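Structural features, examined
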Amino acid sequence: MKQFCVLKEQTFRKIKHPTFCAYFGFAVIISTLFLAACGGKLGTIESQDVETQLIQAEQEIRTARDANAHSLAFEEFEKAETYLEQAKDAFKEKNGIDALKFANKAIAHAKIAKRKATQNTTNAEYNAKILEKDALITELKKDLSSNERKHNELETEVQQLRDTERTLQNNIATLEKQNQELVNSQGELQQKIAEVNTSLTSIRTRAARYENEVKTYGNKVNELTRKVNVANTMMKSANKQKRAAIAEAASVKKQMREQAKIFTDKLVAANKKNIATEHTEYLRKAAAEARAFEKELHSNEPKRTGRTSLSTQQINAGKASLNQWESSWNSKNLDAHFAHYTPNISTNKIVTIESKENQGTINRGQMETDLREMNTQTWEKFDSTVEAEQESVIGTYRYRRLVSAAETEDDTALYDIWFREIWIHQVQGKWKAYREIWQIYKNVPKF
């Protein structure tokens, strides 16, 4: 009988399939009963043999428990324990056949439970590795797409900068030419004005001298009649010259006003071109600041590992909860929106104004107050992403709203940009938000 039990145990160790182990164990039980019946006496089974089988059954159950079979193969493990108790009861009642039968069943079910638990553990490990690889592949694809997008954007920006540089060089050459023409015209006008002023001074000097001569020689009228007549003639000629000079001066002044208007118009045009240049430089600086903001966008976020322990079903459930969260925000149902948060949630709020960053943490009450105020404004969502991280599902949403429209083609429209990043995980079977991060940029160009 001992040799048969040892042979049965070795055979069980060689067999891999759990169902076959069960069938083989039942066959051994039936064979044992048959051998016992062939002895002609049911009471001839030795108690030492039964005790050996009971010890082996207890050992198999302990081995199964060490393999976590009581959790991963509950039904088989429970059967093994039940049969062991029945075997012990039969042994106490000195029923050797039932004791051996129940002990063998306990051994068989304990081995089946152990194998099932081992297989379930292996499957769980394989599934975890598969999920980890899938998450890594998704992250790599995301990085590749992001890098390609940034590369294309940089190429487009470089081309735009080259075009702008050529346009500015052409404008500079045109302005330099116009400026030189204005300088030359101004010099000619100044020379003409100086000549007219000299003529006027000479005429006035001559008229004054003639008047003095008339007064000096007033007593010698007869003698000086001819001189007076000549002087009158010369005076008339001088007056004619004076009127001509005045008319010429008026003409010159008119030309000066016309040239000044042309010069002013050209200055205005040149000023507009300078404004366009400053506008382009402003856009370049704003774009550089925007890229710097984009690079530092995630500097205040919690560290990412790129791995998750969530199943695909759990991730999908988290995404569905984020969709409900976003839908309640869009429909302005703020009570339903706030129901997605844990009571003790705190929000990191980073506000950037003119490249100056103001960072702080607000509690739930202040968060609700801010959200109620911001929900009254018109926000346009222009991007969103959802990803899994460890035991959390993370949603990132990007909004903007127009603050100052561009009134002319030289103006730049300004916006408020708002980035919301929300982290949710399961709390008693429900997905709740336990962390939120705000990045708010005030009065910046669209980027």
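Residues numbered from 1 in each chain as written. Predicted model: local features only at pLDDT ≥ 70, side-chain atom pairs only at ≥ 80, totals over all residues. Heavy atoms only, no water.

1. A word on the sheet that holds strand E4 (residues 392-404)
Taken in spatial order, the 6 strands line up as E2-E1-E6-E5-E4-E3 in an open sheet, and their pairing is mixed. The open sheet has two edge strands, strand E2 (356-362) and strand E3 (380-389), and neither has a second partner. Adjacent strand axes in the sheet meet at a mean angle of 15° when their direction is disregarded. One ladder, built from 9 bridges, connects E3 with E4; its direction is antiparallel. (Pairing = 2+ DSSP bridges. Helix = DSSP H or I, 4+ residues; strand = E, 2+ residues; numbered from the N terminus. Axes fitted to C-alpha atoms, helices over the stretch in contact; angles between N-to-C directions.)

2. What about the side chain of Asp416?
Note on placement: Asp416 falls in strand E5 (residues 414-427). For Asp416, a relative accessible area of 3% gives the class buried. At 3.1 Å, the side chain of Asp416 forms a polar contact with the backbone nitrogen of Asn443. (Buried < 20%, exposed > 50% of the residue type's maximum accessible area, 1.4 Å probe, protein only. Polar contact = N/O pair within 3.5 Å; in protein donor to acceptor, adjacent residues only side chain to side chain.)

3. Section: the packing of aromatic side chains
The tally for this structure, following the rule as stated, stands at 7 aromatic pairs. Judged by centre distance (6.2 Å) and plane angle (15°), the rings of Tyr83 and Phe102 are stacked. Of this pair, Tyr83 sits in helix H5 (residues 74-92) while Phe102 sits in helix H6 (residues 96-216), and the two are 19 residues apart along the sequence. A centroid spacing of 5.1 Å and a plane angle of 45° characterise the contact between Trp325 and Tyr397, whose relative ring orientation is tilted. Here Trp325 is found in helix H8 (residues 312-330), whereas its partner Tyr397 is found in strand E4, with 72 residues between them in sequence. (Phe/Tyr/Trp six-rings, centres within 6.5 Å; stacked < 30°, edge-to-face > 60°.)

4. Structural notes on the pairing of E4
The antiparallel hairpin formed by E3 and E4 contains 2 residues in its connecting segment, where Gln390 sits at a positive phi of about 55°. Sheet topology places E4 next to E5; 11 bridges connect them, and they run antiparallel. Each bridged residue has a counterpart across the sheet, and for Tyr399 the counterpart in E5 is Trp418.

5. Side note on the pattern of salt bridges
The tally for this structure, following the rule as stated, stands at 18 salt bridges. Between Arg304 and Glu387 there is a salt bridge, with the nearest N and O atoms lying 2.6 Å from each other. Linking Arg304 in the loop between helix H7 (221-295) and H8 with Glu387 in strand E3, this pair joins segments that are 83 residues apart in sequence. With its nearest N and O atoms 3.2 Å apart, the salt bridge here joins Asp416 to Arg401. Taken together, the residues Asp416 in strand E5 and Arg401 in strand E4 connect sequence positions 15 residues apart. Overall, the relative accessible area of 21% leaves Arg401 in the partly exposed class. One connected set of salt bridges, linked through shared partners, spans Lys142, Arg304, Glu387 and Glu421. (Salt bridge = Lys/Arg side-chain N within 4 Å of Asp/Glu carboxyl O.)

6. Remarks on the nonpolar core
One finds Tyr341, Leu371, Trp418, Ile422 and Trp438 to be the most contacted residues of the largest nonpolar core, which totals 25 residues. Counting only elements with at least two residues in this core, the list comes to H8, helix H9 (334-338), strand E1 (341-353), helix H10 (364-375), E4, E5 and strand E6 (430-444). Those residues in contact with Leu371, other than ones at most four positions away along the chain, are Trp329, Leu334, His337, Phe338, Tyr341, Trp418, Arg420 and Trp438. If you look at the next biggest cluster of nonpolar residues, it comprises 22 residues, including Tyr83, Leu100, Phe102 and Ala117. (Core = buried A, V, L, I, M, F, W, Y, C linked by side-chain atoms within 4.5 Å. Contact = heavy atoms within 4.5 Å.)

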